[in-house]
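Observations on the model geometry
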Amino acid sequence: MTLAELLPTYRRSLPEKLCTSVWPTSAEAMPSGDLVVSGVSLTELADRFGTPGYLLDVPTVRERCRAYRALDAEIAYAGKAFLCRRMARLIAEEGLSLDVCSAGELATALSAGFPAERILLHGNAKTHQELRAAARAGVGRVVVDSLAEIDRIPGPQDVLVRVTPGIDGRTHRAVATGVEDQKFGLSLAGGQAAVAVARVLARPELRLVGLHCHLGSQIAEVSGYEEAVRRLVAFLAEIAVRHGVTLPQLNLGGGHAVAYCPGDAAFDLPGFAARIPRVLAYECRKHGLVPPRLTLEPGRAIAARAGLTLYRVVTVKHSSTRTYVAVDGGFSDNPRPELYGSRYTARLVGRTSDAQKRSMSVVGRHCEAGDVLIPDAQLPSDIRAGDLLAVPCTGAYHHSMASTYNLVPRPPVLALEDGTTEVWIRRETEADLLHRDIA
Ligand SMILES: Cc1ncc(COP(=O)(O)O)c(C=O)c1O
Ligand SMILES: N[C@@H](CCCC[NH3+])C(=O)O
């Protein structure tokens, strides 16, 4: 055999790196068809822990934290993307601050020993209990989201005012929060933001430290953030003139998009890092202000690509028009396709197949015809019950949005690092489900 003839066989005997825009950085496809993440075989992991399971590649989380920490800004991880005590500790270790939006997220962070002064409390409907819990804990900042809330925040407290800048981040309507006519923030154009600033300043126990805005989630373009800087710096200048105070912080929220499928547009972080400080410096110079310290609140961009979901195929059904590959999870572990029409890919794990790839629908196990995880997955035509499927990019807004619909218990979160697996959240059991149900 010539070298040229041997080369394809040789290549097939080597591990293949997977597309790092959607898979964890360390993910490798082995010649056997197994998938290895952080040195852990997913076939073995499925045998040991069962399916479905959420897997989290810890080195990818660290890598994403460090990419953000390299920016000249405070980085506050948005816990709503995925939070548990181990995640909170990892975020603390990586030197990030934390955005929490409920008493539950706050309690989780505090019980992990997350420093309270590095926590920001968000929420458009913070309850008295939540505000009191934040005050008791000594939370660093509360982000004011309504006029009524201002009188209810126990002092002393540092606060930011959340401004609705009237900017369309061009994302799904359900997660667009920079535009007018949605429930978050206080409108800049409508004057409510200015009223909020005056009210906060009128309460001496509150210290106004800055402005906040969050354009929405899964935003791919940097231009909306540039416009937000322009509008918010102009507002900072107005506040300086009207009230004689210079606010030291400008929080631009999160929302940075990730790719769910190869080829999807993701947020241009290097572009953001190059352009935003320049715009900020220019606008501040124009208005005669000292540039405030930036805070960013990425959630998805830290956790999404580190995660993947491992399912087992339960049945394969051929209709006259489609093949339905039904797995042992679905809507309850991933409602995003149904909520936002989100697209995913899937990969066969644990065996190789020379069968031709065909388009088929990967569906869940729930009693909803809309429980379709992937309407058009490209999978080998010999796919069968018992096969394992891995769906990448499920580290953010999957476990945190999981439900027990149909009383299907929630999957565990298994963290992978250096060839070892740690259970960060154990599998929910039927006993757990019955525990809350008073007979
Ligand atoms: C106030 C605030 N900050 C940060 C985030 C995090 O968003 P993402 O996960 O898209 O970065 C959200 C959620 O959209 C949010 O509401
Ligand atoms: N749940 C949304 C993101 C919401 C962001 C929260 N403010 C998603 O899965 O894309």
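Residues numbered from 1 in each chain as written. Chains lettered and ligands numbered in written order. Predicted model: local features only at pLDDT ≥ 70, side-chain atom pairs only at ≥ 80, totals over all residues.

- Labelled according to an unreviewed UniProt entry, the protein chain appears under the name Diaminopimelate decarboxylase, originating from Saccharopolyspora hirsuta.
- Under the heading Function (unreviewed entry), UniProt records this for the protein chain: "Specifically catalyzes the decarboxylation of meso-diaminopimelate (meso-DAP) to L-lysine." (UniProt positions renumbered as here; feature names shortened; annotations may be inferred.)

**What about the overall build of the protein chain?**
- Helices and strands together make up the secondary structure of the protein chain, namely 13 helices and 22 strands.
- Computed over the C-alpha atoms, the radius of gyration of the protein chain is 24 Å, within 12% of the 22 Å expected from 2.2 N^0.38 for a compact globule of 439 residues.
- With the principal axes as the frame, the protein chain shows a C-alpha extent of 80 × 65 × 45 Å.
- Burial statistics for the protein chain: of 439 residues in total, 45% are counted as buried.
- In the protein chain, the share of contacts with a sequence separation of at least 24, taken over all contacts with a separation of at least 6, comes to 68%. (Helix = DSSP H or I, 4+ residues; strand = E, 2+ residues; numbered from the N terminus. Rg over C-alpha atoms; globule rule 2.2 N^0.38 Å. Buried ≥ 20, exposed ≤ 12 C-beta atoms within 10 Å, placed from the backbone. Contact = placed C-beta atoms within 7 Å.)

**Brief notes about the site of ligand 2**
- Residues in close proximity to ligand 2 include Lys-80, Val-175, Ser-217, Gln-218, Arg-336, Tyr-340, Tyr-397 and Met-401, which together make up its full environment.
- By residue class, the composition of the shell around ligand 2 is 4 nonpolar, 2 polar and 2 charged.
- Two domains each donate at least three residues to the shell around ligand 2, and these are domain 1 (3–56 + 305–435) and domain 2 (59–301). (Near = placed C-beta within 6 Å. Nonpolar A, V, L, I, M, F, W, Y, C, P; charged D, E, K, R; others polar. Domains from an automatic or database assignment.)

**Some words on the UniProt feature "active site" (unreviewed entry) in the protein chain**
- In the numbering used here, UniProt assigns the "active site" (unreviewed entry) feature to Cys-367.
- One can find Cys-367 in the loop between strand E18 (357–363) and strand E19 (372–380).
- Looking at Cys-367, the number of C-beta atoms within 10 Å reads 9, which means it is exposed.

**Brief notes about the pairing of strand E12 (residues 206–212)**
- Most of E12 is tucked away: 5 of the 7 residues are buried.
- Pairing between strand E10 (residues 157–164) and E12: 6 bridges, direction parallel. Across the sheet, Val-159 pairs through a bridge with Leu-208, a residue of E12.
- Where E12 meets strand E13 (residues 249–251), 3 bridges bridge the pair, whose relative direction is parallel. Across the sheet, His-212 pairs through a bridge with Asn-251, a residue of E13.
- Taking the sense of rotation as the criterion, the β-α-β connection linking E12, helix H9 (residues 223–243) and E13 turns out right-handed. (Pairing = 2+ DSSP bridges. Right-handed = clockwise from strand over helix to strand, strands pointing away.)

**Concerning the confidence of the model for the protein chain**
- For the protein chain, per-residue confidence averages 96 on the pLDDT scale, and 100% of positions sit at 70 or higher.
- Interface confidence for the predicted complex, given as ipTM, is 0.99, next to a pTM of 0.97. (pLDDT = per-residue confidence, 0-100.)

**Side note on the UniProt feature "binding site: pyridoxal 5'-phosphate" (unreviewed entry) in the protein chain**
- Mapped onto this numbering, the UniProt entry gives "binding site: pyridoxal 5'-phosphate" (unreviewed entry) at Gly-255, Glu-297, Pro-298, Gly-299, Arg-300 and Tyr-397.
- Classification of Gly-255 by C-beta neighbours within 10 Å gives buried; the count is 28.
- Discounting residues that sit within four places of it in the chain, Gly-255 has contacts with Gly-169, His-214, Leu-215, Gly-216, Ser-217 and Ile-219.
- Mapped onto the elements of the fold, Tyr-397 is located in the loop between strand E20 (388–392) and strand E21 (413–417).

**Examining the sheet that holds strand E1 (residues 16–17)**
- One open sheet holds the 4 strands; their spatial order is E1-E2-E3-E4, and the pairing between them is antiparallel. Across the chains shown, the open sheet's two edge strands, defined by having one partner strand only, are E1 and strand E4 (40–41).
- Across 2 bridges, E1 lies against strand E2 (residues 28–29) in antiparallel orientation. Across the sheet, the residue bridging to Glu-16 is Ala-29, located in E2.

**Here we look at the environment of Val-197**
- Inspection of the secondary structure assignment puts Val-197 in helix H8 (residues 192–201).
- Taking the C-alpha atoms as reference, Val-197 lies 51 Å from Val-327; in sequence the two are 130 residues apart.

**Side note on the packing of helix H5 (residues 103–111) against helix H6 (residues 128–137)**
- Viewed as axis vectors pointing N to C, H5 and H6 meet at an angle of 20°, and their least axial separation amounts to 10 Å. With respect to H6, the element H5 is oriented roughly parallel. Seen along the crossing, H5 lies across H6 with a hand that is left-handed. Residues Ala-103, Leu-106 and Leu-110 of H5 touch H6, and the partners they reach there are Gln-129, Glu-130, Ala-133, Ala-134 and Ala-137.
- Across the contact of H5 with H6, the residue classes tally to 6 nonpolar, 1 polar and 1 charged. (Axes fitted to C-alpha atoms, helices over the stretch in contact; angles between N-to-C directions. Parallel < 35°, antiparallel > 145°, perpendicular 65-115°, else oblique. Left-handed = near helix turned anticlockwise from the far one by under 90°.)

**Some words on the environment of Val-229**
- Structurally, Val-229 is set in helix H9.
- You can call Val-229 buried: it has 25 C-beta atoms within 10 Å.
- On a C-alpha basis, the gap between Val-229 and Cys-284 in space is 9.6 Å, while along the polypeptide they are 55 residues apart.
- Every residue in contact with Val-229, bar those within four places of it in the chain, is listed here: Ile-276, Val-279, Leu-280 and Glu-283.

**A short note on unusual backbone geometry**
- The peptide bond linking Thr-51 to Pro-52 adopts the cis configuration, its omega dihedral lying at -10°.
- The residue Pro-52 is located in the loop between helix H2 (42–49) and strand E5 (53–57) in this model.
- In this structure, Pro-156 follows Gly-155 across a cis peptide bond, with omega equal to -5°.
- By secondary structure assignment, the location of Pro-156 is in the loop between helix H7 (147–150) and E10.
- A positive phi angle is found at Arg-170, which is not glycine, with a value near 55°.
- Exposure remark for Arg-170: the 15 C-beta atoms within 10 Å place this residue in the partly exposed category.
- Unlike most non-glycine residues, Asp-181 shows phi in positive territory, near 65°.
- As for its position among the elements, Asp-181 is in the loop between E10 and strand E11 (186–187).

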